[in-house]
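Descriptive structure summary
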Amino acid sequence: MADKTALARQFIEALPHAVLLGMEPQDMRDGVAVIRMPYKDELIGDPVTGVVHGGAVSALMDTCCGAAVMSHPEISGGTATIDLRIDYMRAATPGQTITTTATCYHVTRSVAFVRAVAVDEDADNPVATATGAFTVEGHR
Amino acid sequence: MSPRKPPEPVQVIKQRRDAALRALVDAVPYIRFLGVVFERRGDELTGILPYREVLIGNPLLPALHGGATAAFLEITAVMTLNWSYLWEDLEAGKLDLEGTAPQDLPRLPKTIDFTVDYLRTGLPRDAYARARITRAGRRYASVQVEGWQDNRDRPYAQATGHFVMPASRE
């Protein structure tokens, strides 16, 4: 299992778009992934407040959900997003790192179901949540 | 009968509209970071995401990152909604955005939720998107957006979003 975690980490770090946004994988095992995205000016969506663009949060959520699927013990191989819904509860505080945790909570032969939550330094007060369905390419 | 006011010369209208659009787009760092640009036909906007290697999410296929696609569609939805919200005041000359500093621009609609359907693999080439406002209320708006690549009739992604509109500027 350790090999698989290391592989997933390497894979995420090899995704050009995840690298562009500055994503940092923290943990990936048994269907749960944690990825951080430190604040940077390029991610700003609201020039008045300096709040990160929803699209950057979406990209982080999508990556984290995909990583959770790939780290699930019943799944081998890659995955692709079928659909992903993001709910934005509040603006992330400018300057703070956003951390997402995604859980792949159910897997069938063809579909993986995932939910995720994003927080900033105020970890009890979510910034956004996500639910999604992902493809299963190889089932153990 | 009083003589009717002659219509504005076309280049004056175009210049004003394009300057306003440029002010809105250039103010958002993330739009520039992704490389999204907008084309305008009258009041209709088309978002364009020119292909770059940094947009790739699956290097094996290769395919665009779902997150890049989601962001592109959300950018197009918000910009189309904001553009339509400001259009009347821009046309009436009540609002002039040319040379306005980013922090002085009108407040943006805020995303409540955004749902993306991935219909086909995003290919390593340019993508286009257009949004349709299905309801624009005083407080809330619903927007649908469709993204395509080579073939307009074969969208690669579609999305629906709900937004809170900014408080009136009056």
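These lines cover the structure that appears in this document, whether it is placed above or below. Since this is a predicted model, take the numbers as computed values, not measurements. (Residues numbered from 1 in each chain as written. Chains lettered and ligands numbered in written order. Predicted model: local features only at pLDDT ≥ 70, side-chain atom pairs only at ≥ 80, totals over all residues.)

Digging into the overall build of chain B
In terms of helices and strands, chain B carries 3 helices and 8 strands. If you line up chain B on its principal axes, its C-alpha atoms span 70 × 35 × 30 Å. Counting over 170 residues, chain B shows a buried share of 35%. Taking the intrachain contacts of chain B between residues at least 6 apart in sequence as the baseline, contacts between residues at least 24 apart amount to 64%. (Helix = DSSP H or I, 4+ residues; strand = E, 2+ residues; numbered from the N terminus. Buried ≥ 20, exposed ≤ 12 C-beta atoms within 10 Å, placed from the backbone. Contact = placed C-beta atoms within 7 Å.)

Observations concerning unusual backbone geometry
A negative phi angle is the norm for most residues apart from glycine, just as the trans form is the norm for most peptide bonds. Note the cis peptide between Leu-61 of chain B and Pro-62 of chain B, where omega equals -10 degrees. Positionally, Pro-62 of chain B belongs in the loop between strand E3 (56–58) and strand E4 (63–64). Despite not being glycine, Asp-30 of chain A shows a phi value in the positive range, around 50 degrees. Take Asp-30 of chain A: it is sitting in the loop between strand E1 (24–29) and strand E2 (32–37).

Some words on the interface of chain B and chain A
Where the parts come together, the accessible area they lose is often given as the size of the interface. Between chain B and chain A, the residue contacts involve 33 residues of the former and 32 residues of the latter. The set of elements that each furnish at least two residues to the side of chain B that touches chain A consists of helix H2 (29–34), E3, helix H3 (66–91) and strand E5 (110–118) of chain B. The element contributing the most residues to the side of chain B that touches chain A is E5 of chain B, with 8 residues. The residue inventory of the side of chain B that touches chain A, partitioned by class, reads 20 nonpolar, 8 polar and 5 charged. (Nonpolar A, V, L, I, M, F, W, Y, C, P; charged D, E, K, R; others polar.)

A short note on the sheet that holds strand E6 (residues 127–136) of chain B
The sheet built from 12 strands is open, its strands ordered E1(A)-E2(A)-E7(A)-E8(A)-E9(A)-E6(A)-E5(B)-E8(B)-E7(B)-E6(B)-E2(B)-E1(B) with antiparallel pairing. Since the sheet does not close on itself, it has two edges, and those belong to E1 of chain A together with strand E1 (37–41) of chain B, each with one partner. Each strand axis lies, on average, 20 degrees off the axis of its neighbour in the sheet, ignoring direction. Pairing of E6 of chain B with strand E7 (residues 140–148) of chain B involves 8 bridges; the strand directions are antiparallel. (Pairing = 2+ DSSP bridges. Axes fitted to C-alpha atoms, helices over the stretch in contact; angles between N-to-C directions.)

With respect to the packing of helix H3 (residues 54–70) of chain A against H3 of chain B
Running from amino to carboxyl end, H3 of chain A crosses H3 of chain B at an angle of 155 degrees, the nearest separation of the two axes being 8 Å. Taken as axis vectors, H3 of chain A and H3 of chain B run roughly antiparallel relative to one another. Relative to H3 of chain B, the crossing made by H3 of chain A is right-handed. In this structure, H3 of chain A uses Gly-54, Gly-55, Ala-56, Ser-58, Ala-59, Leu-60, Asp-62 and Thr-63 of chain A to contact H3 of chain B, whose residues at the interface are Gly-66, Gly-67, Ala-68, Ala-70, Ala-71, Glu-74 and Ile-75 of chain B. Among the residues forming the contact of H3 of chain A with H3 of chain B, the class breakdown is 7 nonpolar, 6 polar and 2 charged. (Parallel < 35°, antiparallel > 145°, perpendicular 65-115°, else oblique. Left-handed = near helix turned anticlockwise from the far one by under 90°.)

Some thoughts on the environment of Lys-94 of chain B
Here Lys-94 of chain B is to be found in the loop between H3 and E5. When the C-alpha atoms of Lys-94 of chain B and Val-37 of chain B are compared, they prove to be 26 Å apart, with 57 residues separating the residues in sequence.

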